[in-house]
Amino acid sequence: MAGVIGVVVEQLPSSLYRVKLEGTRAIVAHIADRMDRNFVRLLVGDKVRLELSPTDVGRGRIVGKL
């Protein structure tokens, strides 16, 4: 799992977010349980730190808000 930086570009149903990575790719990501328990709210335009899935590079987990 690689840690990368991205920007939230769209909020999707079921607590999913479309995040644009520093390159040109956009992936679908969910909030890590640790952040969800602490009621961290994400808005469009927020910079976030992600871990990419090793099996599907189009999906990831948001582990921090910058």
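Above this note sits the structure.
Basis of the calculations
- Residues numbered from 1 in each chain as written.
- Predicted model: local features only at pLDDT ≥ 70, side-chain atom pairs only at ≥ 80, totals over all residues.
- Heavy atoms only, no water.
- Helix = DSSP H or I, 4+ residues; strand = E, 2+ residues; numbered from the N terminus.
- Rg over C-alpha atoms; globule rule 2.2 N^0.38 Å.
- Buried < 20%, exposed > 50% of the residue type's maximum accessible area, 1.4 Å probe, protein only.
- Contact = heavy atoms within 4.5 Å.
- Areas by Shrake-Rupley, 256 points an atom, 1.4 Å probe, with all protein chains shown as cover.
- Salt bridge = Lys/Arg side-chain N within 4 Å of Asp/Glu carboxyl O.
- Polar contact = N/O pair within 3.5 Å; in protein donor to acceptor, adjacent residues only side chain to side chain.

Re the overall build of the chain
Across its full length, the chain holds 1 helix and 5 strands. Taken from the N to the C terminus, the helices and strands of the chain come in the order β-β-β-α-β-β. Relative to the 2.2 N^0.38 estimate, which gives 11 Å for 66 residues, the radius of gyration of the chain is 11 Å and therefore close to what a compact globule would have. Taken over the C-alpha atoms alone, the chain extends approximately 30 × 25 × 20 Å along its principal axes. Within the chain, the proportion of its 66 residues that are buried is 32%. Of all intrachain contacts in the chain linking residues separated by at least 6 positions in sequence, the fraction that spans at least 24 positions is 49%. Carbon and sulfur atoms make up 53% of the accessible area of the chain, which amounts to about 4300 Å² in all.

Some thoughts on the pattern of salt bridges
By the definition in use, this model includes 4 salt bridges. The partner of D33 in a salt bridge is R37, with the nearest N and O atoms 3.3 Å apart. Of this pair, D33 and R37 are both found in helix α1 (residues 33-37), 4 residues apart, which corresponds to roughly one turn of the helix. For the salt bridge of R61 with E51, the shortest nitrogen-to-oxygen distance reads 2.6 Å. Highlighted residues: R61 in strand β5 (residues 59-65) and E51 in strand β4 (residues 47-52), separated in sequence by 10 residues. Of the residues examined, R61 reaches a relative accessible area of 28% and is grouped as partly exposed.

What to know about the side chain of D46
Relative to the elements of secondary structure, D46 occurs in the loop between α1 and β4. A distance of 2.8 Å separates a polar atom in the side chain of D46 from the backbone nitrogen of L43. Setting aside chain neighbours within four positions, we find D46 in contact with G6, V7, V8, R41 and K65.

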